[in-house]
Structures are given as C-alpha cells and as structure tokens.
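# Observations on the model geometry
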There are 2 protein chains.
Amino acid sequence: MRCHRCRAPANVEIRRSRTAYCARCYPDWFRFQVQERIDHERMFRRDQRVLVAVSGGKDSLALWHTLVKLGYRADGMYIRLGIADYSRRSQQKSEAFAEKHGQVLHQVDLEGDYGFGVPDLLDTRSGKPCAACGTVKRYHFNKVAADLGYDVVATGHNLDDEAATLFGNVMHWNTDYLGRQGSVLPSTHAKLVRKVKPLYRLAERETAAYAIIERIDYILEECPMARGAKSLAYKDMLNALEEEQPGAKYRFLVGFLKEGRAAVRTGGFDQASDLRECTRCGQPTTGELCAYCRMADRGRAKAAARAARYGPRPAPAEDD
Amino acid sequence: MRCHRCRAPANVEIRRSRTAYCARCYPDWFRFQVQERIDHERMFRRDQRVLVAVSGGKDSLALWHTLVKLGYRADGMYIRLGIADYSRRSQQKSEAFAEKHGQVLHQVDLEGDYGFGVPDLLDTRSGKPCAACGTVKRYHFNKVAADLGYDVVATGHNLDDEAATLFGNVMHWNTDYLGRQGSVLPSTHAKLVRKVKPLYRLAERETAAYAIIERIDYILEECPMARGAKSLAYKDMLNALEEEQPGAKYRFLVGFLKEGRAAVRTGGFDQASDLRECTRCGQPTTGELCAYCRMADRGRAKAAARAARYGPRPAPAEDD
C-alpha cells in the first residue's frame with residue numbers, strides 16, 4: 001500500500017476507511033482528525049484553558065502532544081494512585097513528557113494528601129478497584145480544573161475504550177449509563193467542569209502509531225490492577241469482530257451516538273436541578289456526602305488497618 | 001456433578017443456573033421450561049391449533065417433539081427451499097419425524113409451485129440469500145397458517161439465535177428492528193397469524209441435548225448457503241463471552257426484553273393501521289405489491305435465465 005497523501009510506501013493502515021499513510025504524513029492526518037472532532041463538536045476554543053488527564057499511557061500523552069502541537073493552551077494533570085511500581089513508572093513518564101515539551105503538569109498524591117491508595121478500594125464482588133479508581137479520577141480531575149479555573153477537562157479515551165464501555169452497558173442494558181455516554185459531557189453545575197474526549201473516534205492502534213512515530217515515551221504495560229477486568233474481555237471481543245468486519249467498532253460506537261442514544265430513554269434524575277454541594281468537600285453531589293468522600297472514608301480505614309498490621313508503607317500491590 | 005433432581009451422575013450441565021441433569025430427568029426439565037414460557041407469555045392455549053415451522057434441524061424438531069409430548073395440537077410445515085442436497089436431506093428428516101410420531105406435515109414446494117429456489121435470491125451486496133430466505137419462510141408459514149385456520153405459528157428460534165440477532169441489531173443500531181424483536185409477535189391483521197418462539201430462553205446446546213437424548217433424527221449440517229454469514233460470526237462472539245461470563249447470553253437477551261426494549265423508541269409506521277392487501281396475492285403489506293411478490297418476480301427471472309443457459313434443472317448450489 002502507498003500513502004494516501006504522498007504516494008510513498010505506507011506505514012500505517014486505516015482499514016475502516018481503506019486508506020494508509022507513511023510515517024511522515026501520518027501525524028498530520030492524526031492531528032487533523034482530532035482538530036476536526038474538537039471543531040465539529042465544539043469541544044473547546046483556542047482561547048480556553050484545557051486540563052489534560054494524564055496517566056503516562058499512550059492515549060493521554062498522544063492527546064496532550066496533539067493539543068500542544070495544534071496550539072491549544074493545554075496543561076497536564078497526573079494523579080499518584082499508589083499502585084506501587086506501576087504508579088512510580090507512569091509518574092516518571094508523565095513528568096518526563098512535561099519537561100521535554102516545557103509544559104505544566106499538576107499532580108495530586110492520593111496517599112500523601114488523602115491517606116489511601118487505589119489498592120485500598122477493592123470491590124468486594126469483583127475484587128477489583130477499577131470502578132472506584134474511575135470515581136477517584138473523575139473527582140480529582142474535576143476538582144483541580146474547577147479550583148484552577150480550567151474551562152474543560154480532556155481525557156484520552158479512544159475508540160476501543162468507548163466501544164468497550166458501550167458494549168458492557170449494552171450487554172447489561174444499563175439504560176441510564178447508555179443515555180449519558182458521549183464525547184462531550186456539558187457542565188451542569190458551576191463546580192462541574194465540562195468533559196471532552198477528542199480521541200474517541202481514533203482506534204487504540206492509531207493512537208499507539210501516533211505515539212511511536214512522534215517518539216513519545218509512554219508506559220507500555222496495562223495497569224496491573226485491571227488484569228482480568230471485564231472491559232478487557234469486551235475489547236478482545238470487539239477486536240475479533242473488527243477482524244471479520246473492518247469498521248465494525250467505529251460503526252457500533254458512532255451509530256450509537258447518532259441513532260441509538262437518541263432512541264434510548266433514560267430514567268434517573270435531572271442532573272442539573274438535583275445537584276447540591278457535599279457537606280464535607282463542597283463538590284457537587286446528589287446526596288449529603290458525595291460518593292468520593294464516602295469512598296475515601298472506607299479507603300482510609302483500610303489503609304489504617306493495613307498500616308497497623310504491616311507498618312506504614314503499603315506492600316507492593318503487583319503480583320509480578 | 002450430580003442430577004439436580006435425582007442425584008444420579010449428571011449428563012447435561014446448565015451453567016447459567018449452576019445446575020445439571022441426568023439423561024432421564026433432562027427431557028422433563030426441558031419440557032417444563034417450554035411449558036413455563038408458553039404459559040407465562042400466554043403464547044397459546046391447549047384448545048388452539050399450532051403450526052410448527054419445521055426445517056429438519058434440531059431446534060424445530062425438538063420444539064415439535066416437545067409440543068406433541070406436552071399434548072398440544074401441533075402440526076408441522078416444511079418448505080422445500082431448493083437448496084440442492086441440503087434441502088433433500090432436511091425434507092427427508094422432517095418427513096421421517098412426522099411419520100414416526102404420526103403427525104401431519106404440510107409442505108410448500110418453492111420450485112415446483114412458485115418457479116424459483118432460494119439460490120435464485122442472492123443479495124448483490126452480501127452474496128447470500130439469507131435475508132430473502134427469511135422473507136420466503138415468514139410469508140409461506142404465515143400464508144398456510146392463515147389459509148388453514150391455525151391460531152399461531154411456532155418457530156424453533158433458540159437463545160443463541162435470538163441473542164445473535166439482537167447483537168447484530170445492536171451493532172448496527174437498527175432501532176426499528178430492536179423495538180420489534182420479541183418472543184411473541186401479536187397478530188395485527190386478520191391475515192397475519194400470531195408468531196411465537198417457545199424455545200427462546202433455551203441455549204442451542206440445550207436443544208441439541210434434548211434432541212440427542214430423545215433420539216430425534218435431525219439434519220446435522222448447517223445450511224450451505226449460510227456459510228460465512230454475519231449471524232454465525234455473532235454467535236461465535238457471544239460464545240466467547242459466554243465462556244468468560246456464564247449466563248452472559250441469557251442476561252443480554254432477557255435484559256433487553258425486560259429493560260432495553262422498553263427504553264428503545266422505535267420510529268416507523270403503525271403496523272396495524274397501515275396494512276393493506278397485496279394486489280396480487282392478497283397477503284398483508286404496506287405497499288401495492290408485497291415484498292414477497294416483488295422478490296418472487298426477481299427469483300423467477302433468475303431461474304428462467306439459468307434454465308435457458310443450463311437446462312431446466314438447476315445445478316447443485318453446494319460447494320462441497
């Protein structure tokens with residue numbers, strides 16, 4: 001195959017659109033796709049301040065890199081989740097990227113500042129902290145963005161992430177979640193910052209290709225706590241389908257956003273009017289104490305019990 | 001494992017409900033499941049006449065066998081689709097079953113009576129006749145049932161079939177089809193007979209186990225025209241998910257029928273009020289000429305062209 005733009009031998013194939021690009025033209029194609037999404041869905045403007053949720057992985061660093069190259073005012077933010085070696089290495093990758101590109105990286109230290117880590121948040125049923133970890137991230141990215149006056153939080157969710165989430169919600173018919181899944185989550189409260197996913201139409205292998213070609217040094221391994229997570233099984237399944245029907249993943253997600261979502265009636269509350277402020281932290285919530293504060297209490301109790309038994313430093317949570 | 005009922009060594013495991021049965025108790029469990037569905041969803045009563053859509057495969061023969069054993073007035077109907085050896089063998093299995101159990105088997109001969117076969121109905125895009133074959137079956141089962149005064153048409157669709165159809169409709173977000181998928185399709189016109197799927201909560205391997213234990217002689221091979229069909233890819237995918245999460249298929253389908261379907265708004269016409277009678281055949285349709293009559297015209301033209309080239313008898317359509 002040859003590059004769709006310059007006819008040189010191609011390096012990256014985009015099977016769903018039957019095109020391919022060479023390593024010189026590919027980054028421009030990638031950034032054009034991101035720019036097009038930002039503009040088309042009015043995610044943010046050039047005069048607004050963007051906070052990029054950075055994990056040290058390929059997607060978030062590719063997003064940050066792209067936004068900087070496109071000339072946006074995009075700072076990064078990293079949360080030290082306390083997942084032993086994995087957290088240490090991903091923090092180092094995030095800091096190195098910020099330094100190399102002369103960008104600001106905000107940090108929150110979960111254990112140091114809040115007294116617990118993600119390994120203290122294991123779900124009793126699944127044995128995994130993934131759902132709780134999602135709450136931790138949403139809370140702190142939003143809080144820092146609101147406190148420091150950012151207009152929008154941008155996350156690196158790609159097509160594979162979003163399709164897998166949709167797949168899980170469809171397999172369990174979580175109609176409430178289905179109605180809320182999207183690429184732009186508008187602000188419905190003064191302290192709830194707008195959330196956007198500029199990469200949501202780009203496949204995981206496409207963000208990986210971008211990161212490799214742009215020589216972005218990212219953490220290769222998956223989070224050790226996510227091993228065996230359902231979302232990974234869903235990704236495998238969708239990849240198998242994609243092999244048989246190139247573009248299936250894209251059509252599934254984009255078809256949902258265009259047709260399915262509008263057709264799904266969601267129950268639940270009216271977010272905008274039912275929100276109040278958490279009596280402890282002041283963040284928006286529908287209850288007395290917000291979900292994060294309740295979870296953090298349980299996490300701190302677990303961390304304290306562990307410290308009493310094994311000493312103040314938690315043992316590494318990884319099993320490799 | 002031991003039989004859930006008599007504690008003898010078990011032969012058939014029902015993973016989603018973590019039970020198992022021996023070969024003696026299993027058929028009773030299977031028939032109880034079918035009876036329970038018929039009653040719970042008021043599919044039909046004992047004083048009504050049921051027409052079973054028979055293909056010669058395990059599902060339709062297992063359904064017919066079950067209904068006869070449960071004491072229902074259930075006759076069979078077989079359509080000679082003209083798929084060479086496959087049709088010949090499945091017709092022979094259907095006739096043998098009817099004879100062995102002393103039941104009535106109606107037949108429609110597509111080539112003899114209508115001048116075309118399913119191999120004349122290849123879709124130009126997919127290269128397969130599966131969608132058209134579905135129209136042929138729906139049309140003739142309904143027509144014979146209406147003409148002969150049956151109260152209901154029962155098909156052998158199992159959990160795997162229904163989950164795969166749902167999966168395909170979800171992957172493409174066919175919201176119209178989604179809103180209409182169900183285990184009971186009520187009659188909305190005097191000439192449209194009620195359709196029911198009494199096996200829709202039983203997995204393919206469960207109907208196969210029933211057929212084997214009850215010594216039902218069915219056609220083992222899949223239809224040669226369906227090779228490579230998308231529905232088979234969807235089945236593989238759902239089976240992979242089922243391996244990881246036993247019961248996933250059942251929860252996906254039943255969750256949809258309980259939660260998802262009600263949440264999906266369907267566009268489209270109001271079937272009951274928009275139906276008129278086809279100007280040629282008199283069957284219910286929304287247009288001037290019904291979809292079947294239009295398709296049959298194309299099929300006959302294809303069959304005539306083929307006969308002109310190769311002589312009156314069509315060459316076998318199988319590739320093995």
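The notes below deal with the structure included here. Treat the numbers as computed from the prediction; the structure is a model and nothing was measured.

This part covers the side chain of Glu 162 of chain B. Residue and element names in this part refer to chain B. Among the secondary structure elements, Glu 162 is positioned in helix α6 (residues 159-171). Residue class for Glu 162 comes out buried when judged on its relative accessible area of 4%. The residues touching Glu 162, leaving out its near neighbours within four places in the chain, are His 157, Gln 181, Gly 182, Lys 197, Tyr 200 and Leu 253.

All names here are of chain B. In this structure the tally under the stated criterion is one cavity of 30 Å³ or more. The space that makes up the largest cavity amounts to roughly 40 Å³. Ranked by the residues each element gives to the lining of the largest cavity, the list is headed by helix α10 (residues 248-263), at three residues.

Bringing the sheet that holds strand β5 (residues 105-109) of chain B into the picture now. Residue and element names in this part refer to chain B. Here six strands make up an open sheet; going across it, the order is β5-β4-β3-β6-β8-β7 and the pairing mixed. Each having just a single partner strand, β5 and β7 (184-185) make up the two edges of the open sheet. Bridge count for β7 against strand β8 (residues 194-196) is two bridges, and the pairing is antiparallel. Directly across from Val 184, in β8, lies its bridge partner Val 196. Set on the sheet, helix α2 (residues 58-69) makes contact with β3 (49-54), β4 (73-80), β5 and β6 (152-154); between it and β3 the angle comes to about 155°. In the packing of helix α5 (residues 130-148) onto the sheet, contacts are made with β3, β4, β5, β6 and β8, and the angle to β4 comes to roughly 135°.

This brings us to the packing of aromatic side chains. With the rule as written, the count across this model stands at 27 aromatic pairs over all chains. For the pair Tyr 26 of chain A and Phe 30 of chain A, a centre-to-centre distance of 6.2 Å together with 45° between the ring planes defines the contact as tilted. You can see Tyr 26 of chain A and its partner Phe 30 of chain A sitting in helix α1 (residues 26-40), four residues apart, about one turn around the helix. Neither residue differs from the other here; Tyr 26 of chain A and Phe 30 of chain A are each classed as buried. Residues Phe 167 of chain A and Phe 167 of chain B carry aromatic rings whose centres are separated by 5.6 Å and whose planes lie at 80° to one another, so their mutual orientation is edge-to-face. Here Phe 167 of chain B lies in helix α6 and Phe 167 of chain A lies in helix α6 (residues 159-171), a pairing that spans two chains.

Looking now at the pattern of salt bridges. Residue and element names in this part refer to chain A. Going through the model one piece at a time under the given rule, you end up with 52 salt bridges over all chains. Between Arg 15 and Glu 243 there is a salt bridge whose closest N-O contact spans 3.9 Å. Of this pair, Arg 15 sits in the loop between β1 (12-14) and β2 (19-21) while Glu 243 is found in helix α9 (residues 230-244), placing the two residues 228 residues apart along the sequence. Judged by relative accessible area, which is 36%, Arg 15 ranks as partly exposed.

Analysis parameters
- Residues numbered from 1 in each chain as written.
- Chains lettered and ligands numbered in written order.
- Predicted model: local features only at pLDDT ≥ 70, side-chain atom pairs only at ≥ 80, totals over all residues.
- Heavy atoms only, no water.
- Helix = DSSP H or I, 4+ residues; strand = E, 2+ residues; numbered from the N terminus.
- Buried < 20%, exposed > 50% of the residue type's maximum accessible area, 1.4 Å probe, protein only.
- Contact = heavy atoms within 4.5 Å.
- 1 Å grid on protein atoms, 1.4 Å probe; cavity = no way out; pocket = protein on both sides within 12 Å on 5 of 7 lines; lining within 4 Å.
- Points joined across faces, edges and corners; volume = space filled by probe spheres on them.
- Pairing = 2+ DSSP bridges.
- Axes fitted to C-alpha atoms, helices over the stretch in contact; angles between N-to-C directions.
- Phe/Tyr/Trp six-rings, centres within 6.5 Å; stacked < 30°, edge-to-face > 60°.
- Salt bridge = Lys/Arg side-chain N within 4 Å of Asp/Glu carboxyl O.

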